[in-house]
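# Overview (structure and organization)
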Amino acid sequence: IQVHAQGLKLGIKAGGNFTTNTSASLQENYKGGFHAGLFARIKASEIVGVQVEGLISSVKLSVTPNTAVFRNGLADLKATYIHVPILLNISPVPLISIQAGPQIGMTISQTKDALRVGGDALKNKDFSMLAGVQLNLSKLSVFGRYSFGLSEINVATVQDSWKSKMLQAGVG
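Residues numbered from 1 in each chain as written. Predicted model: local features only at pLDDT ≥ 70, side-chain atom pairs only at ≥ 80, totals over all residues. Heavy atoms only, no water.

Inspection of the entire model under this criterion finds 1 aromatic pair. Ring centres of Tyr146 and Phe148 lie 6.1 Å apart, and the angle between their planes is 25°; on these two criteria the pair is classed as stacked. Residue Tyr146 is classed as partly exposed on the basis of its relative accessible area of 29%. Taking the ring centre of Phe143 as reference, the NZ or CZ of Lys13 above it sits at 3.9 Å. (Phe/Tyr/Trp six-rings, centres within 6.5 Å; stacked < 30°, edge-to-face > 60°. Buried < 20%, exposed > 50% of the residue type's maximum accessible area, 1.4 Å probe, protein only. Lys NZ or Arg CZ within 6 Å of the ring centre and 35° of its normal.)

Here's what the structure looks like:
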């Protein structure tokens, strides 16, 4: 659903997340989740604009079996984030926008006591970059994008690096 004003478009969006991580402690296989939220798209010209979003996203990461870091029997880390992407929209033709920009993620819930020593496994903030394509139809947008983490999301004192990777697809 979208509302239009001169140069401004407001709306809601929803879709799927497929998340993995770059870590020896977590399996690199994409697990499904969802996202939903609001967006505001502002056009500076016919070609250039900015899109700001506020999304609630569910994320699931597979734990590598028998990893000493996690409590026994834990198969997945689950988290809910508020993601705020700020995207530059470049529209070479009105139907297509190429999008890129930063995103901050704030953890609002996660698997409790995931670590063998107790406590949460994920940091409260995550910084990443997004890149993707959006198809701009008259009343609806369809998008696909890739997010790659720039910040370490590991709270635990393990030596491997934990950075998120996410594929997103949806409508708004």
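Counting residues in hydrophobic clusters, the biggest one holds 10 residues: Val59, Leu61, Leu77, Ala79, Tyr81, Ala121, Leu122, Ile153, Trp162 and Met166. Every element with two or more residues in this core is listed here: strand S4 (48-62) and strand S5 (76-93). The biggest single contributor to this core is S5, with 3 residues. (Core = buried A, V, L, I, M, F, W, Y, C linked by side-chain atoms within 4.5 Å. Helix = DSSP H or I, 4+ residues; strand = E, 2+ residues; numbered from the N terminus.)

To continue, consider the pairing of S4. As judged from the 9 bridges shared by strand S3 (residues 31-43) and S4, these two strands associate in the antiparallel manner. Bridged to Gly37 within S4 is Leu55. Here S3 folds back onto S4, and the loop between the two strands holds 4 residues. Looking at chain direction, S4 and S5 are connected through 13 bridges and run antiparallel. Paired with Val50 across the bridge in S5 is Leu88. (Pairing = 2+ DSSP bridges.)

This part covers the pattern of salt bridges. Under the counting rule described, the total for this entry stands at 3 salt bridges. Here Lys13 makes a salt bridge to Glu53, at a shortest N to O gap of 2.7 Å. Taken together, the residues Lys13 in strand S2 (residues 8-21) and Glu53 in strand S4 connect sequence positions 40 residues apart. Here Glu53 and Arg145 are joined by a salt bridge, their closest N and O atoms 2.6 Å apart. Here the residue Glu53 occupies a position in strand S4, and Arg145 occupies one in strand S8 (residues 141-149), the gap between them amounting to 92 residues. (Salt bridge = Lys/Arg side-chain N within 4 Å of Asp/Glu carboxyl O.)

In short, the description is geometric, and any link to function would need to be established separately.
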